[in-house]
Amino acid sequence: MCGRYATTANPARLAAELDAVDETGDPPELDRPNYNVAPTNQVLTVVERHDRDHPDDDPKLRIRRMRWGLIPVWTKASEPGVPAKGKPLFNARADRAETAPSFRDAVKRRRCLVPMDGWYEWLVEDAPAAKGKAVKQPYFMSYADGSRLYMAGLWSTWRDRTQEMDPILSCTILTTDSVGDLTKIHDRMPLVLPREHWDAWLDPDHPAPHELLENPGPERVSEILARPVSSLVNSVRNNGPELLSAAPGAPASGADTPQAGQTTLI
């Protein structure tokens, strides 16, 4: 499961890094980091599409901002221009996405990447004897070297065809069974997609190889560090780098660095 994450990605910088087209048209206030991304927030995605005016040209990477929480194309409007509320489809099981009515169309035609610095999960831990009540400790999963993660996602375009309106773009993040030491935190994890699989995953002209939807091996997360962080992340009202501060009693930063080839849980 992935229901909260952090990102410092800037659309212009991301476009430059990936040699992509920035199609967000973002005003400056949306360019700031978000350390507590939650479902229904607008998030950055990477897609590969042909130019609408030159469909025969090679497809190109594009940075787009979308609502986190997929709105299937067949969703009815609750009122003019407003999609009816349904399940919060911010995650999709990779092993069921090809057949699930909400996701199968997107698997065929609209696949994306969701960039992030890392994601949060909560681990139920025994509280001190004096309190006698279990507590949920947030953990932050990220690459130990601070590099960006890219998660496999699906996206959709929703329109109320009875109205003159811009389409609503939305996305979901694919999840798989957790692997390696991440199983100690949660039984599900977002599907991390390494660079060598991007071309096949994003290709708008061909279906993605089925194996990209399969559960990854432990080597896929071997450089990911899981560390306990501040409980400030528990509230979506909190948003700042302090959310990534070490939880009280966590090892000092010098103990956070994993040895090569290891997933570290601290």
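Here, every reference points to the structure presented above.
Calculation rules
Residues numbered from 1 in each chain as written. Predicted model: local features only at pLDDT ≥ 70, side-chain atom pairs only at ≥ 80, totals over all residues. Heavy atoms only, no water. Helix = DSSP H or I, 4+ residues; strand = E, 2+ residues; numbered from the N terminus. Contact = heavy atoms within 4.5 Å. Core = buried A, V, L, I, M, F, W, Y, C linked by side-chain atoms within 4.5 Å. Buried < 20%, exposed > 50% of the residue type's maximum accessible area, 1.4 Å probe, protein only. Pairing = 2+ DSSP bridges. Salt bridge = Lys/Arg side-chain N within 4 Å of Asp/Glu carboxyl O. Arc of directions from axis to C-beta.

Asker: Before we go on, may I ask you to explain the environment of Gly-3 in this structure?
Answerer: Residue position: Gly-3 is located in the segment before strand 1 (5–7). Spatially, the C-alpha atoms of Gly-3 and Pro-190 are 9.6 Å apart, while their sequence positions differ by 187 residues. In contact with Gly-3, other than residues within four places in its own chain, are Val-37, Ala-38, Pro-39, Trp-68, Phe-90 and Asn-91.

Asker: Can you walk me through the nonpolar core in this structure?
Answerer: Note on soluble globular proteins: their nonpolar side chains tend to be buried together. With 31 residues, the main nonpolar core has Leu-18, Val-46, Leu-174 and Trp-201 as its most contacted residues. Looking at this core, the elements that each hand over two or more residues are helix 1 (11–18), strand 4 (42–49), strand 5 (60–68), helix 2 (104–109), strand 12 (149–158) and helix 3 (198–202). If sequence neighbours within four positions are ignored, Val-46 has contacts with Leu-14, Leu-18, Leu-61, Arg-62, Ile-63, Cys-112, Leu-113, Tyr-150 and Leu-202.

Asker: How should the pairing of strand 15 (residues 224–228) be read in this particular structure?
Answerer: The two faces of a sheet get side chains in turn, since along a regular strand they alternate between them. Counting buried positions along strand 15 yields five of five residues, so the element is predominantly enclosed. Because side chains alternate across strand 15, one face comprises the buried residues Ile-224, Ala-226 and Pro-228, and the other comprises Leu-225 and Arg-227, equally buried. For strand 11 (residues 135–143) and strand 15, the ladder comprises five bridges, and the chain directions are antiparallel. Residue Tyr-143 lies in a different strand from strand 15, and its bridge partner there is Ile-224.

Asker: Sorry if this is basic, but what is going on with the pattern of salt bridges here?
Answerer: For side chains bearing opposite charge, pairing can occur when the charged atoms are close. Evaluated as defined, the whole model comprises nine salt bridges. Across the pair Arg-109 and Asp-105 runs a salt bridge, and its minimum N-O distance is 2.3 Å. Residue Arg-109 and its partner Asp-105 are located together in helix 2, separated by four residues, close to a single helical turn. Relative accessible area serves as the criterion here: at 47%, Arg-109 is assigned to the partly exposed category. The closest approach of N and O atoms between Arg-110 and Asp-105, which form a salt bridge, is 3.5 Å. Taking relative accessible area as the criterion, Asp-105 reaches 26% and is therefore assigned partly exposed.

Asker: Just to check I follow, could you spell out helix 1 for this structure?
Answerer: Each full turn of the α-helix corresponds to 3.6 residues, which orients residues three or four apart in the same direction. Restricting attention to buried positions, one finds in helix 1 the residues Pro-11, Leu-14, Ala-15 and Leu-18. The buried residues of helix 1 occupy one face: seen down the axis, they fall within an arc of 100°. If you follow the buried residues of helix 1, they end up packed against strand 2 (21–22), strand 4, strand 5, strand 9 (111–116), strand 12 and helix 3. Looking one or two residues beyond helix 1, the residue adopting positive phi is Asp-19, at roughly 55°.

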